[in-house]
Amino acid sequence: MMPKAGAKGDARDRGGPELLVVVIKQNGSFQLGSPKNFVCDHCCGAFRSSYHLKRHILIHTGTAPLP
């Protein structure tokens with residue numbers, strides 16, 4: 001009998017590699033499933049880090065980034 005997912009001794013408990021989600025699009029391109037949790041309120045663009053979102057928002061506000 002196989003142990004249930006998340007049961008003691010599971011790969012996650014042993015410090016094994018994390019499971020990754022692979023998204024394959026219809027055109028054959030793919031990306032590893034790193035969630036894009038930061039969403040632009042202006043255009044609904046999604047980003048993986050707050051830094052990238054803040055940099056993107058400069059496009060909408062028209063301000064120049066600091067040197």
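1. A word on the overall build of the protein chain
Counting its regular elements, the protein chain contains 1 helix and 4 strands. Expressed as a percentage of the 67 residues in the protein chain, the buried residues total 7%. Pairs at least 24 apart in sequence give 0% of the contacts found in the protein chain among residues at least 6 apart. For the protein chain, the accessible surface area stands at approximately 6200 Å², while carbon and sulfur atoms represent 60% of it.

2. A word on unusual backbone geometry
Of note in this structure, Cys44 is not a glycine but carries a positive phi near 65 degrees. Assignment of secondary structure puts Cys44 in the loop between strand S3 (38–39) and strand S4 (46–47). With a relative accessible area of 61%, Cys44 lands in the exposed category.

3. Description of helix H1 (residues 50–61)
Along an α-helix, residues three or four apart share an orientation, since each turn contains 3.6 residues. The end-to-end C-alpha distance of H1 is 16 Å, a good match for the 16 Å that 12 residues give at a rise of 1.5 Å each. Looking at the residues trailing H1, positive phi occurs at Gly62, about 75 degrees.

4. Focus on the environment of His52
In this structure, His52 sits in helix H1. The sequence separation of His52 and Phe38 amounts to 14 residues, and the corresponding C-alpha distance is 8.6 Å.

5. Some thoughts on the side chain of His56
Locating His56 in the fold gives a position in helix H1. Residues within four places of His56 in sequence aside, it is in contact with Cys40, Cys43 and Phe47.

6. So, the confidence of the model for the protein chain
Averaged over all residues, the pLDDT of the protein chain is 75; the fraction at 70 or higher stands at 64%. Here strand S2 (residues 30–32) stands out as the least confident element of the protein chain, with mean pLDDT 67; H1 is the most confident, with 93.

7. Concerning a nonpolar patch on the surface
On the surface, Val22, Ile24 and Phe30 cluster together into a nonpolar patch covering about 340 Å² of accessible area. Relative to the elements of secondary structure, Ile24 occurs in strand S1 (residues 22–24).

Scoring rules and cut-offs
Residues numbered from 1 in each chain as written. Predicted model: local features only at pLDDT ≥ 70, side-chain atom pairs only at ≥ 80, totals over all residues. Heavy atoms only, no water. Helix = DSSP H or I, 4+ residues; strand = E, 2+ residues; numbered from the N terminus. Buried < 20%, exposed > 50% of the residue type's maximum accessible area, 1.4 Å probe, protein only. Contact = heavy atoms within 4.5 Å. Areas by Shrake-Rupley, 256 points an atom, 1.4 Å probe, with all protein chains shown as cover. Expected span 1.5 Å × (residues − 1). pLDDT = per-residue confidence, 0-100. Patch = residues over 30% accessible without salt bridge, like charges linked within 9 Å, V, L, I, M, F, W, Y side chains within 5 Å. Salt bridge = Lys/Arg side-chain N within 4 Å of Asp/Glu carboxyl O.

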